[in-house]
Amino acid sequence: MSRYTLIVQLVDAPGALVRALSLVERRGFRVVDARTEGASSVTVEVEAAGRSLLNLKRQLENLWDVEGVAIGGSG
Amino acid sequence: MNGAELLTRELEAQGVDIVFGYPGGAIMPVYDALVDSRLAHVLTRHEQGAALAANGYARVTGRAGVCLATSGPGATNLVTGIADAFLDSVPLVAITGQVPSPAMGTDAFQEVDTIGITMPIVKHSWVVRDVRDLRDIVRRAFVIATSGRPGPVVIDLPKDVAVRAVAEFPELRPATAREPRIDVAPDDEALKQAIDLLTTANRPVVLAGAGVALSGCVDAFRAFASDYRAPVVTTLHGVGVLPTGDELLLGMLGMHGTKAANLAVQESDLLVCMGVRFDDRATGRLDEFAPDAAVVHVDIDPAEIGKRRRPTVALQGDLGAVLHRFVAGSPAPESWLARCDARRREHAWRYGAPGEGVHAPRLIRDLTEATRGATIACDVGQHQMWVAQHGVFERPEHHLTSGGLGTMGFGIPAAIGAQFAQPDGSVIVFTGDGSFMMNVQELATIRRYDLPVKIVLLDNSCLGLVRQWQECFFDRRYSAIDLSDNPDFSAVAASFGIPTLRVTRDGEVADAVRRIHRSTGPLLVWVTIDARENVWPLVPPDLANDRMLEEVPKCLDTR
Ligand SMILES: Cc1ncc(C[n+]2csc(CCOP(=O)(O)OP(=O)(O)O)c2C)c(N)n1
């Protein structure tokens, strides 16, 4: 099981946070921790085995209320 | 003007001329606005029918289909049609009524969280909280549904917002969602690498998927294929990218693919993949799929690149731009094409089935041959696979099939949408006795609008595809597949005012084909077929694509 950190920039819109977090779970990652900074950014710690983080990043970037995704350190 | 009127005007402004739907309490203001609007409304007999008809309409036109439903059960009934559009990348705008804003979150009558329920199966969705946002939401809904990789969106409209008065031309208030990124030029360096691979490959195969038609690139694809002269295989949604019978075409790959296609892919040293997503039904066992092939993957959706198979060269962007550059490359080795072609001839379909009974594959071939250019919709099951294998197709847009979701009940509503999209076109739907009953109520829609849809019902008195799996992989322990108590389908059709042509013997097929071709109104062609017929070849689940079965295995239990 690997652990990663993602910093997701969000549009300030209703549902944006839920949409991003539920996508993370749906794509096979477990959300271990999530910290918002205002309405427009969330730092998410995720855990997964055998899943591509790059692919998750691209899935998130496809969301219309996600402005961008950065990958932080892995642990 | 109120919110509902503003909505219908904005739909008109988006070029929408037809919406498919079903009324109810929370959407009534919109139905009231429809009375004075230029939009044609098609009343289906179930909201799933509306969503799938809009879906079929969109597949044929390439424009967004629009469906309408009320809150609660109306919205939940749309869900299958929305999911179908999501998995097959079909542009769909679903508009749902919602309980008034103050009642939201109180478990009000017919309240469900439509946005929450549909969140995993839409590109984007909105609750319209303020009527001043409505114009921009509608505008964006269409942009998002149709741009990049198309897909469904949902607009949930609370009743109080729908009846709220608005100024005649409210100014556009930007809604919350970023502007679409329409960056589509593929990377130059990657293009060069891809062209190098194309030029040096000894055993290249081109794999074409849904993206070829979705990107409007069928003609460009054909130009590339005829220049490059490599064998072409298709996914289920790629069927028709080259016309049936084209010398380069080896057929569909995957679970029910042709031997020629599956073996060529497994032996290839280069797979040029265009608008495909490496679906498990197409790849078979992924770690043994095209084991020796370098992969060039072209797709508009960055999230598809490397999702299931890591490409050697990734070209994220518009297929048209890539094809344009590929045309300059040099042709594939003649000897490889000759080898694939020899195998294609060796494993060509044989239609000489013995006996008096109707041979469904031959019927499908004969009918689609006689009606070339018709739009062929199908349902889900053995008949769907036979259509993909044996149907004669000129273009991929002529083949409407629920590939990703595999939605039984898709065929008839999709055919209805297709017929509205091309009122003078010929639309035929192949269905099974299981699938037919899933949206049988839409016969009333066919009759009401006098749509000349031809329904070919291949009746094997069972859930054939499930039966086949139980026969092959569950030791013939048949469970819940018997439909021998089906109704009298001709009486069912007659009760909807639709005539039936009965076909029970092979000798009747030729006449039936002629009569279908000549008939000007709706028609049910009820064909009895043998329940023991199976779809071959079949790659058992989780085996490599070269492990094709052509008969029921002696002992293979994959549970
Ligand atoms: C809505 C839905 N429910 C269940 C299934 C699973 N399923 C796939 S094929 C099939 C049997 C289809 O039977 P029929 O329409 O008679 O076609 P046949 O296989 O006999 O040609 C079933 C139940 C499905 N794909 N869709």
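Residue indices begin from 1 for each chain and proceed along its sequence in written order. Chain letters start at A and ligand numbers start at 1, both assigned in the order the entries are written. Local features are withheld for residues below a pLDDT of 70 in this predicted model, meaning they are given only at 70 or higher, and side-chain atom pairs are given and counted only at 80 or more; totals for whole chains, interfaces and linings count all residues. Derived side-chain values reflect all non-hydrogen atoms in the structure, with water molecules and hydrogen atoms excluded from consideration.

1. Considerations on the interface of chain B and chain A
Next up, step 1: At the junction of the two partners, chain B supplies 19 residues and chain A supplies 19 residues.
Next up, step 2: A quick way to say it: buried area is the sum, across both parts, of accessible area lost when two parts are put together, with a 1.4 Å probe. In total, about 1,700 Å² of surface goes out of reach between chain B and chain A, with carbon and sulfur atoms giving 53% of it.
Next up, step 3: Any Lys or Arg side-chain nitrogen found within 4 Å of a carboxyl oxygen on Asp or Glu counts as a salt bridge. Linking chain B with chain A are zero salt bridges, by the criterion used here.
Next up, step 4: Residues adjacent in sequence count toward polar contacts only when both atoms are side-chain atoms; beyond that, a polar contact is any pair of N or O atoms within 3.5 Å, and within protein one must be able to donate a hydrogen and the other to accept it. The tally of links from chain B across to chain A stands at four residue pairs in polar contact (both at pLDDT 80 or more).
Next up, step 5: The nonpolar class holds Ala, Val, Leu, Ile, Met, Phe, Trp, Tyr, Cys and Pro. Asp, Glu, Lys and Arg form the charged class, and all remaining residues, Gly among them, are polar. When its residues are assigned to classes, the side of chain B that touches chain A shows nine nonpolar, four polar and six charged. We call two residues in contact when some of their heavy atoms are within 4.5 Å.

2. Comments concerning the site of the ligand
Residue and element names in this part refer to chain B.
Next up, step 1: When we say a residue is near a molecule or strand, we mean one of its heavy atoms is within 4 Å of it. Close to the ligand lie 17 residues; Gln382, His383, Gly406, Gly434 and Ser435 are nearest.
Next up, step 2: At 2.8 Å, a side-chain N or O of His383 approaches an oxygen atom of the ligand.
Next up, step 3: A distance of 2.7 Å is found between an oxygen atom of the ligand and a side-chain nitrogen or oxygen belonging to Ser435.
Next up, step 4: Here the ligand, which alone exposes 590 Å², has 76% of that area covered by the protein.
Next up, step 5: Segments assigned H or I by DSSP are reported as helices when at least four residues long, segments assigned E as strands when at least two residues long, and all are numbered from the N terminus. At the level of secondary structure, the elements contributing two or more residues to the shell around the ligand comprise helix H16 (382-390), helix H18 (433-438) and helix H20 (464-473).
Next up, step 6: Per-element accounting of the shell around the ligand gives the leading share, four residues, to H18.
Next up, step 7: Split into classes, the residues belonging to the shell around the ligand amount to seven nonpolar, nine polar and one charged. Only the protein chains shown count as covering a residue, and every accessible area follows the Shrake-Rupley method with a 1.4 Å probe.

3. Quick word on the nonpolar core
Residues and elements named next belong to chain B.
Next up, step 1: Here the nonpolar core consists of buried residues drawn from Ala, Val, Leu, Ile, Met, Phe, Trp, Tyr and Cys, with membership extended through side-chain atoms lying within 4.5 Å. Residue burial is assigned from relative accessible area. The probe radius is 1.4 Å, only protein chains are included, and a residue is buried under 20% of its type maximum, exposed over 50%, and partly exposed in between. With 49 residues, the main nonpolar core has Phe20, Phe436, Leu443, Ile446, Ile455 and Leu524 as its most contacted residues.
Next up, step 2: Examining the composition of this core, we find that seven residues originate from one element, helix H3 (residues 47-61), more than from any other.
Next up, step 3: For each domain, the first and last residues come from an automatic or database assignment. Shared between two domains, this core holds at least three residues of each, these being domain 1 (3-168) and domain 3 (360-528).
Next up, step 4: Every residue in contact with Ile455, bar those within four places of it in the chain, is listed here: Ile412, Val429, Thr431, Phe436, Leu443, Ile446, Leu523, Leu524 and Val525.

4. Considering the confidence of the model for chain B
Next up, step 1: Across chain B, the average pLDDT comes to 95, with 96% of residues at 70 or higher.
Next up, step 2: In the model output, the complex is listed with pTM 0.97 alongside ipTM 0.96. On a range of 0 to 100, pLDDT expresses the predictor's confidence in each residue.

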